[in-house]
Structures are given as C-alpha cells and as structure tokens.
Amino acid sequence: MDKNRGNFGSRLAGVLVAAGSAVGLGNIWRFPYELGRNGGSAFLIIYILCVLFFGLPLMISEFAVGRHAQSNTARAFGMMGGSKYWKWVGFLGVLTGSLILCYYGVAAGWTVEYLFEAGVNGFANKNSAQFTADFNAFVTDPIQPIVCMVVFMGINLAVILAGVKGGIERGSKLMMPLLFLFIVVLAIGSSMLPGGDKGLEFIFKPDFSQVTHSTLLAAMGQTFYSLSLSMGCLATYASYFRKEDKLVGSAVNVACIDTLIAVLAVVIIFPAAFSVGIEPGAGPSLVFITLPNVFQQVLHASPMLCYVFSLMFYILLAVAALTSAMGLLEVPTIYLKEEFHIRRRWSAIGCTIFCVVVGVGCSLSMGIWDGYKVCGLNMFDLFDFVTAKIMLPVGGFLTALYVGWFSDLKMLRDEITNHGTVAVRVFGIYLFLIRFIAPLAILAIILNQFGWI
C-alpha cells in the first residue's frame, strides 16, 4: 500500500468525483434513447428498482474493496480475503475500463465537434436532412473525428497529470456544479416549449402495458452504464476515500445524483422532441441529429435563444463526457504506476497513446474501414458489444460472488460500518442483495446477451 498516494480532501469531494465518473454519455446520450424505445416512464421505474436492488449493492461493494485496499483495482480484489486469484476480477475491471475509453473517446470527440459548431453558430438555418447528412459525413470522415478525439483525450490527460487533488478533485468540483446548472436550466426551458407537456407525460405517466421481457433486461443493462459499474472507476476512486467517509451514504448520494441527471436529460430531450413531432424511440441520433434540428425548429423565431440553448447543451454533453473519461483513464494509470512502478506521468501518457491508437481504428471503422468486420460488427461496434454486453456484466457477476461469498465478512462489515462507528442497520439487507439478488439479475443479463433467455 502506498501511503503517499493521496486522498480526496472531503467526503463531498469523493461523492462529486464518483458521481462525475458515473455521469457521462451513458446518462445524457444512451439513457434517453433507451427510455424512448422501452416505454417511457415504465422503463424509468424499472431502472430505479434495478439501481436499488443490484446497482447500489454493487457500488457499495466496489467502494468497500477499493477503500480497504487503498490501491489499484487489480490489487484491491486480492486484499479482501479469499484466494489471491480474485485479483483477476480487479484486472478485468482495469481492462474493461481501458477498452471502453478506446471507443468512448471517439464518441466524446463528437461532442467536441458539435460544441465547436454550436459555438460558431454552425447549426443556423439547417433542416433535418442537412443535420443527418452532416453527422454522417463527419463520423465517416477519416480525419476530423480523429482530430476531435485527440483534442478530447489531450484535455483528459491534462486533468489526470495534475494529480488526484489538483486534477481529478478540482476538475470535478468545477464541472459537476456547472453540469448540474446547465442541465436544470435546459430542462426547465425544454419543458416550457409548446407541446412539451406530451413529452413530460411520456416520461412521468407510466404505461406498464408497454413493458416486456426486454424492458427489464434493458433497464438492468443500463444500470451498468449509468453507475459505471465493473469499469474499475468506483473501486479506484474509493481507494482515495478517507477512512472516516461513510460508504453507504456516499453510494446513495452518487446513485441519487446520477439518476437525477439522467432524468433531467430526458426532460431536456423528450418535451423538445414531442414539440416537433419526433418519435421518442429515435435512437442514438437524438443527441447529434434530432436535438440540433429541434432547437432550430422550435426556437427559429429567436436565433439568439436557439444559439444559447445549443451551446449550453453541447457544453453539458462535453463536460459529462469528460467527467467519465477522467475515471476511465485513472484506472489503468494508477494500475501501471503501482504494479509496474512506472511514474504517474508516463503511465497516463502511455495509456492515452494506447487509447488514441486503438480509437483511430474505431473511428476509421465507421468510414473507410467499414468493410472490415467481425461477426458483422465494425471495430467501434465490436468494442462496444464486447465491453458492454460481456465484460461489464461478467465483471459485475464475479464482483457480487467475490464480495458476497468469498471475501472476509468481518473486513466487509468493518468497511461498511466504519469499524462499528457508523450504525448501518441495512447491512443484513445489503448482504442478502449482494449474495442473491445481484448475481441472479446479472446472470439474467448475461444469458440474454447470448439469446438463452
């Protein structure tokens, strides 16, 4: 254990950093289109139940493992009791987070391009066909998306190089309030648009007749994205928590912030979409094609208001992408530093170069390399499928098994109750959820990926 590795300055700082890791494109890009194609508020209710019954127990478990070890994720999983081979579960988190960052950086680069376009008022006077054509031309271009990815990854690297307190903590303290302010303003503005009440009804009036078997599995899968489970981020950040920080309270706060921002994201998107008659299940294009079009159609009478709305939204999207990318880069950086004794600076630079090189392939696979596919998937989609559909749920399943059945129960109780100084009456409930409910729910996700249920 490195006693000089540093800690976050306060419990609030730890919560903001962990929440920032969880809040990302998964909340503002992926969550709305999942909700849109899975029945609206019925999906939201099921998602919240998934957070409570297996998301929170997994988050608390990762927090407990990380803080107990105060080391990188791979080493941490070998220090909570049980066989030393459980460290490979932690290493799976390191690998998963690194591979996610490879293609996540590409999509995050798109936010850089759209932020620039919003800043120079490049959306003005365009119609739906032009927005679609522009997006397709951009993502298939062999140069522009790569340049934007490099810019984004360079900013992310600069934050990590500044250290735990000077970079990650300071950046989260600045960006999370900014993100929350912008998303509240945009949500209020969108909900006041003509016809926006239909969007609010879609979000908050449940119709359980729309719920199917796939709705439940989609909600469980989204929980991994939204809470950054099994990516190594939570355990890594927890290793910087102070011993007096309350893990259960921190986990609840992170989950509440994360869910609130996800809900506010759909409050931005769906009232605006309904106001111009756009289908709620429009898919990933909601953010990069539909929203610019909506801003132009709804706010055409006020070009300045349209400009401000567009700029605020893409600042919001870029900030959310950055807060998540910080955690994804910190995971392999601290792993290389502690396991191979590579200086933090060179670990971070090396990881960034690796992710950029692989990211170039992911980006080109949507354009000039589109003909090279594995199982019908280009490189971008393949990385997304392998990490999201296989590595994340497998990592979550193994984490639940390890913490619930094979870790030292006394160590686990001591971490969650702060060595008996904090009364956590729900410890028995937590133990039941992590031993039985979480693994069974995750196993259902895994089996569904392969069409076995």
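Everything numeric in this text was worked out from a predicted model, so none of it was measured.

Asker: Please set out the overall build of the chain residue by residue, giving values where relevant.
Answerer: Per the secondary structure count, the chain includes 18 helices and zero strands. Counting only C-alpha atoms and orienting by the principal axes, one finds that the chain spans roughly 65 × 50 × 45 Å. Counting the 453 residues in the chain, one finds 58% classified as buried. Put simply, of all contacts in the chain between residues at least 6 apart along the chain, 83% involve residues at least 24 apart. Of the roughly 17600 Å² that the chain leaves accessible, carbon and sulfur atoms contribute 68%. Treating the 28 positive side-chain charges of the chain as one cloud and the 24 negative ones as another, the clouds have centres 11 Å apart.

Asker: So what about a nonpolar patch on the surface? Which residues, and what values?
Answerer: Taken together, the side chains of Ile-45, Ile-48, Leu-49, Leu-52, Phe-53, Phe-208, Trp-405, Phe-406, Phe-432, Phe-436 and Ile-437 present a nonpolar region at the surface, about 1000 Å² in accessible area. Of all elements in the fold, only helix 3 (41-69), helix 16 (379-406) and helix 18 (427-449) reach the threshold of two or more residues within the nonpolar patch. The element that contributes the greatest number of residues to the nonpolar patch is helix 3, accounting for five residues. Inspection of the secondary structure puts Ile-48 in helix 3.

Asker: Tell me about empty space enclosed by the protein, and please be specific about residues and values.
Answerer: Going through the model one piece at a time under the given rule, you end up with one cavity of 30 Å³ or more. What the largest cavity holds in volume is close to 80 Å³. What lines the largest cavity is a set of 15 residues, among which Phe-77, Val-89, Gly-93, Ser-230 and Thr-399 lie closest to the centre. Only helix 5 (87-119) and helix 16 provide two or more residues apiece to the lining of the largest cavity. For the lining of the largest cavity, the leading source of residues is helix 5, giving five residues. Grouping the constituent residues of the lining of the largest cavity by class yields five nonpolar, nine polar and one charged.

Asker: Which residues make up the pattern of salt bridges, and what values do they have?
Answerer: Enumeration over the complete set of coordinates arrives at twelve salt bridges. Among the salt bridges present, the one from Asp-134 reaches Lys-126, with a minimum N-O distance of 2.7 Å. Its relative accessible area of 33% is what places Asp-134 among the partly exposed residues. Accessibility expressed as a relative area gives 24% for Lys-126, which makes it partly exposed. Residue Arg-344 is joined to Glu-330 by a salt bridge in which the shortest nitrogen-to-oxygen separation is 2.6 Å. Of the two residues, Arg-344 is situated in helix 15 (residues 344-364) and Glu-330 in helix 14 (residues 303-340); the sequence distance between them amounts to 14 residues. By relative accessible area, Glu-330 is classed as buried at 0%. Put simply, Arg-30, Glu-34 and Arg-37 are held in one network by salt bridges that share partners.

Asker: Let's hear about the side chain of Glu-34: which residues, and what values?
Answerer: Assignment of secondary structure puts Glu-34 in helix 2 (residues 25-36). The class of Glu-34 is buried, set by a relative accessible area of 4%. Ignoring anything within four residues of it in the chain, the contact list for Glu-34 reads Phe-43, Ala-218 and Gln-222.

Asker: Describe the layout of surface pockets, listing the residues and the values that go with them.
Answerer: Of the volumes computed, that of the largest pocket is approximately 980 Å³. Taken together, 47 residues line the largest pocket, and the ones lying closest to its centre are Trp-29, Arg-30, Tyr-33, Tyr-225 and Asp-384. Per-element tally for the lining of the largest pocket: the top contributor is helix 16, with eight residues. Residues belonging to the lining of the largest pocket are distributed by class as follows: 26 nonpolar, 15 polar and six charged.

Asker: With reference to specific residues and values, describe the side chain of Ser-190.
Answerer: Within the fold, Ser-190 resides in helix 8 (residues 164-191). Look at Ser-190 and you get buried, because its relative accessible area is 2%. Here the side chain of Ser-190 touches Val-267 through a polar contact of 3.4 Å, landing on its backbone oxygen. Contacts of Ser-190, omitting those with residues within four sequence positions, involve Val-267, Ile-268, Pro-271, Ala-272 and Phe-309.

Asker: Can you tell me about the nonpolar core, naming the residues and giving the values?
Answerer: Note on soluble globular proteins: their nonpolar side chains tend to be buried together. Membership of the largest hydrophobic core comes to 159 residues, with the highest contact counts inside it found for Phe-54, Phe-63, Trp-110, Phe-313 and Tyr-314. Dropping the residues within four chain positions of it, Phe-63 is found in contact with Ala-18, Leu-234, Ala-238, Phe-241, Leu-247, Ser-250, Ala-251 and Val-254.

Asker: How would you sum up the packing of helix 15 against helix 16? Please name residues and give values.
Answerer: Running from N to C, helix 15 and helix 16 cross one another at 115 degrees; their axes reach a closest spacing of 6 Å. Each of Val-358, Gly-361 and Cys-362 in helix 15 lies in contact with helix 16, whose residues at this interface are Met-379, Phe-380 and Phe-383. Here the contact of helix 15 with helix 16 is composed, by residue class, of five nonpolar, one polar and no charged.

The rules behind these values
Along each chain, the written sequence defines residue order, and numbers are assigned to residues from 1. In keeping with the model being predicted, local features are shown solely for residues with a pLDDT of at least 70 and side-chain atom pairs are shown and tallied solely at 80 or more, while totals for entire chains, interfaces and linings include all residues. For the side-chain quantities, the full set of heavy atoms in the structure was used; hydrogens and water were omitted. Numbering of helices and strands runs from the N terminus, with a helix taken as a DSSP run of H or I at least four residues long and a strand as a DSSP run of E at least two residues long. Relative accessibility decides the category of a residue: with a 1.4 Å probe and only protein chains considered, values under 20% of the type maximum give buried, values over 50% give exposed, and everything between is partly exposed. In this analysis, two residues are considered to be in contact whenever any of their non-hydrogen atoms come within 4.5 Å of each other. Per-residue and other accessible areas were derived by the Shrake-Rupley procedure at a 1.4 Å probe size, with only the shown protein chains allowed to occlude residues. A positive count includes Lys and Arg, and a negative count includes Asp and Glu. His and the chain ends are not counted in either. A charged residue contributes its charge at one atom only: NZ of Lys, CZ of Arg, CG of Asp or CD of Glu. For patches, a residue must show more than 30% relative accessible area and have no salt bridge; joins then use 9 Å for like charges and 5 Å for nonpolar side chains, namely Val, Leu, Ile, Met, Phe, Trp and Tyr. Here, a salt bridge means any side-chain nitrogen of Lys or Arg that lies within 4 Å of a carboxyl oxygen of Asp or Glu. Lining residues are defined by having an atom within 4 Å of a point belonging to a cavity or pocket. Those points lie on a 1 Å grid over the protein atoms alone, cavities being sets where a 1.4 Å probe fits but cannot get out and pockets being open sets with protein on both sides within 12 Å along at least five of seven lines. Grid points are joined across faces, edges and corners, and a volume is the space filled by probe spheres set on the points. Under the convention adopted here, Pro, Cys and the residues Ala, Val, Leu, Ile, Met, Phe, Trp and Tyr are nonpolar, Asp, Glu, Lys and Arg are charged, and Gly plus all remaining residues are polar. As used in this structure description, the phrase polar contact means that two N or O atoms lie within 3.5 Å; if the pair is within protein, one of them must be able to donate a hydrogen and the other to accept it, and residues adjacent in sequence are counted only when both atoms belong to side chains. The definition of a nonpolar core used throughout is a set of buried Ala, Val, Leu, Ile, Met, Phe, Trp, Tyr and Cys residues joined through side-chain atoms within 4.5 Å. Angular values range over 0 to 180 degrees, each being the angle between N-to-C directions of two axes fitted as lines to C-alpha atoms, with helices fitted over their stretch in contact.

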